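# Understanding the architecture of this molecule
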Amino acid sequence: MMGTGFNLSARMLRAGRQSSGGRNRETAGRRASDEGRVPMLSSLTGLITIIAAATAWASIAANRSAAEELLAEKAVAVLESADPQFHELIAPDAKVQVLADGFDWSEGPVWWPDGECILFSDVPRNTVFQWREGKGIEVFLKPSGYTGMRTRGGESGSNGLAVDARGRLILCQHGDRRIAVWEDGCFRTLADRYQGKPLNSPNDLVIRSNGDIYFTDPPYGMTPEAAQAGNALGFCGVYRIAKDGSLTLLTDRMTRPNGIAFSPDEKTLYVAQSDPANPIWMAFPVRDDGTLEEGKVFFDASVWKQSNLPGLPDGLKVDTAGNVFATGPGGVNVFRSDGRFLGRIHVSVPTANCAFGNDGSVLYITADMYLLRVQTKTKGLGF
């Protein structure tokens with residue numbers, strides 16, 4: 001998976017074929033709202049994060065002309081380095097591959113050890129697909145997120161996926177508005193209500209080493225009727241399902257919580273906010289009892305968003321050294337654990353999520369209509 005690099009550390013990736021099936025979820029699935037509450041932050045903290053984002057943007061300015069030239073030639077992705085440490089994680093001549101395309105909106109990848117394959121959701125198609133070396137794409141699970149008999153519009157399928165310590169598939173189900181486990185050929189609900197009211201539409205999740213499930217609950221999978229119903233929650237939350245099945249609201253102070261991941265020591269919980277009005281990644285200290293302290297902005301992507309880079313903060317994963325691989329404006333953005341921006345896999349379409357697979361060193365990427373992968377020089381958590 002190696003090849004000759006382009007100048008300015010940019011590696012072009014051309015799709016073998018283009019599909020008309022992809023849809024830009026920037027507007028269709030990432031709606032801004034004046035409702036909800038954002039984290040209370042001091043003006044100094046906000047200023048620091050904006051300066052950090054601006055500095056990070058300037059640091060890759062030299063690469064922009066190369067990236068724009070390649071993207072103008074309908075390339076799917078390039079590598080952009082903002083710091084020499086970026087190429088300690090991904091080689092400058094690493095080749096990103098298009099494994100499959102033609103999906104409506106690919107999301108939520110997870111490595112499936114039993115099948116030695118990558119699983120991922122196509123949300124509008126209500127399907128989990130699998131991709132296996134030598135066999136390509138196959139349907140793994142359908143329906144994946146909506147099991148009702150009545151026709152339902154909107155984003156009905158599964159989104160984020162995870163595999164627990166028992167090897168079971170855990171799904172965020174938009175249509176059924178729940179967290180469910182799939183085993184023995186059927187779904188079982190783990191959480192679908194908070195204080196008697198239906199959840200919005202669980203989006204992404206991460207499983208702590210003790211078995212607790214942490215997940216985000218924005219409204220992207222809700223129908224207009226559900227959003228206007230009298231029993232609607234009226235806020236977006238980050239939750240924990242404990243091993244005993246109890247559900248705890250950890251914070252309701254993010255307007256659009258989305259991707260979620262732990263640091264290697266599980267003392268920090270990262271949460272992406274896919275709100276165009278406030279596109280940020282948050283870092284929450286985790287208390288000994290598993291609840292969250294007041295969070296702080298890990299990185300503010302407002303400058304990137306204002307520069308019309310496609311996408312918003314979305315799914316994210318962490319490697320064994322604590323580096324954060326976060327999909328968002330421009331593709332897969334890579335940060336050190338202190339928030340320092342190292343570089344990105346610049347993808348020409350909005351990028352939804354990523355996951356490490358194989359022996360832990362291969363990064364799989366879901367981006368609009370595409371399933372991509374790239375060999376890294378690091379390993380994701382859990383391998």
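Analysis parameters
Residues numbered from 1 in each chain as written. Predicted model: local features only at pLDDT ≥ 70, side-chain atom pairs only at ≥ 80, totals over all residues. Heavy atoms only, no water. Helix = DSSP H or I, 4+ residues; strand = E, 2+ residues; numbered from the N terminus. Contact = heavy atoms within 4.5 Å. Areas by Shrake-Rupley, 256 points an atom, 1.4 Å probe, with all protein chains shown as cover. pLDDT = per-residue confidence, 0-100. Phe/Tyr/Trp six-rings, centres within 6.5 Å; stacked < 30°, edge-to-face > 60°. Buried < 20%, exposed > 50% of the residue type's maximum accessible area, 1.4 Å probe, protein only. Lys NZ or Arg CZ within 6 Å of the ring centre and 35° of its normal. Pairing = 2+ DSSP bridges. Axes fitted to C-alpha atoms, helices over the stretch in contact; angles between N-to-C directions. 1 Å grid on protein atoms, 1.4 Å probe; cavity = no way out; pocket = protein on both sides within 12 Å on 5 of 7 lines; lining within 4 Å. Points joined across faces, edges and corners; volume = space filled by probe spheres on them. Nonpolar A, V, L, I, M, F, W, Y, C, P; charged D, E, K, R; others polar. Core = buried A, V, L, I, M, F, W, Y, C linked by side-chain atoms within 4.5 Å.

## A closer look at the overall build of the protein
Check the secondary structure of the protein and you find six helices and 28 strands. Considering only residue pairs separated by 6 or more positions, the protein has 55% of its internal contacts joining residues 24 or more positions apart. As presented, the protein carries roughly 15200 Å² of accessible surface, and 49% of it is formed by carbon and sulfur atoms.

## A word on the confidence of the model for the protein
Detailed reading of the predicted coordinates is not advisable wherever pLDDT falls low. Taken residue by residue, the protein gives an average pLDDT of 86. The fraction at 70 or more is 80%. Across residues 1-51 the pLDDT falls below 50, and counting only partners more than four positions away or on other chains, this stretch makes 126 contacts in the model.

## What to know about the packing of aromatic side chains
According to the stated counting rule, one finds 21 aromatic pairs in the structure shown. Taking 5.0 Å as the distance between ring centres and 65° as the angle between the ring planes, the aromatic pair formed by Tyr 270 and Phe 298 counts as edge-to-face. Placement of the pair is Tyr 270 in strand β19 (residues 268-273) and Phe 298 in strand β21 (residues 296-300), with a sequence separation of 28 residues. Among the residues examined, Tyr 270 registers a relative accessible area of 5% and is labelled buried. For Phe 298, a relative accessible area of 11% translates into the label buried. Taken together through their ring pairs, the aromatic side chains of Tyr 270, Trp 281, Phe 298, Phe 299, Trp 304, Phe 335 and Phe 341 make up a single cluster. In this structure, Arg 152 is placed above the aromatic ring of Tyr 146, and the distance from its NZ or CZ to the ring centre is 5.8 Å. Just above the ring of Trp 304 sits the side chain of Arg 344; from NZ or CZ to the centre is 4.5 Å.

## A look at the environment of Ser 348
Residue position: Ser 348 is located in the loop between β25 (341-347) and β26 (353-357). Along the chain, Ser 348 and Gly 330 lie 18 residues apart, while their C-alpha atoms are 7.2 Å from each other.

## Quick look at the sheet that holds strand β3 (residues 97-100)
Taken in spatial order, the four strands make up an open sheet running β3-β28-β27-β26, and their pairing is antiparallel. Where the open sheet ends on each side, the last strands, each with one partner, are β3 and β26. Recorded for the sheet is a direction-independent mean angle of 30° between the axes of neighbouring strands. The sheet contact formed by β3 and strand β28 (residues 370-375) spans three bridges and is antiparallel. Bridge pairing in β28 places Gln 97 opposite Arg 373.

## Brief notes about the sheet that holds strand β18 (residues 257-262)
Within a beta sheet, neighbouring strands are joined by backbone hydrogen bonds and run either parallel or antiparallel to one another. Overall, antiparallel pairing links the four strands, which are arranged β18-β19-β20-β21 in an open sheet. A single partner strand is all that each edge strand has here, and the edge strands are β18 and β21. Taking the axes of each pair of neighbouring strands and ignoring which way they run, one obtains an average angle of 25° across the sheet. Inspection of the sheet shows strand β20 (residues 280-285) paired to β21 by four bridges, in the antiparallel sense. Residue pairing across strands places Trp 281 opposite Phe 299, the latter belonging to β21.

## Focus on the side chain of Ser 156
Along the chain, Ser 156 turns up in the loop between β7 (136-141) and β8 (158-163). Those residues in contact with Ser 156 that sit more than four places away from it in its chain are Val 123, Pro 124, Asn 126, Gly 145, Tyr 146, His 174 and Gly 175.

## So, the layout of surface pockets
Of the voids in this model, the largest pocket is the one considered here, and its volume is about 1100 Å³. Ala 162, Val 163, Asp 164, Val 206 and Ile 207 are, among the 44 residues lining the largest pocket, the residues nearest its centre. Among the secondary structure elements, those contributing two or more residues to the lining of the largest pocket are β4 (106-112), β8, β11 (186-191), β14 (205-207), β18, β22 (316-318) and β26. Taken together, the residues of the lining of the largest pocket sort by class into 26 nonpolar, nine polar and nine charged.

## Remarks on the nonpolar core
Ranked by internal contacts, the top residues of the largest apolar core, which has 25 residues, are Ile 90, Phe 325, Ile 345, Val 347, Leu 363 and Ile 365. Listing elements by their share of this core, those giving two or more residues are β2 (75-81), α4 (86-89), β24 (331-335), β25, β26, β27 (362-367) and β28. Filtering out sequence-adjacent residues up to four positions away, Val 347 remains in contact with Val 76, Ala 77, Pro 310, Gly 330, Gly 331, Ala 367 and Leu 372. With 17 residues, the next largest nonpolar core counts Ala 82, Phe 298, Phe 299 and Phe 341 among its residues.

## Section: the pairing of strand β5 (residues 117-122)
Most of β5 sits out of view: six of its six residues are buried. Here β5 shows no split at all, with Cys 117, Leu 119 and Ser 121 on one side and Ile 118, Phe 120 and Asp 122 on the other all buried. Where β4 hands over to β5, the hairpin turn is made up of four residues, of which Glu 116 adopts a positive phi near 45°. The turn joining β5 and strand β6 (residues 127-132), which pair antiparallel and follow one another in sequence, is formed by four residues; a positive phi near 55° is taken by Asn 126.

## Focus: the side chain of Asp 83
Looking at the element boundaries, Asp 83 is found in the loop between β2 and α4. In contact with Asp 83, other than residues within four places in its own chain, are Arg 340, Phe 341 and Leu 342.

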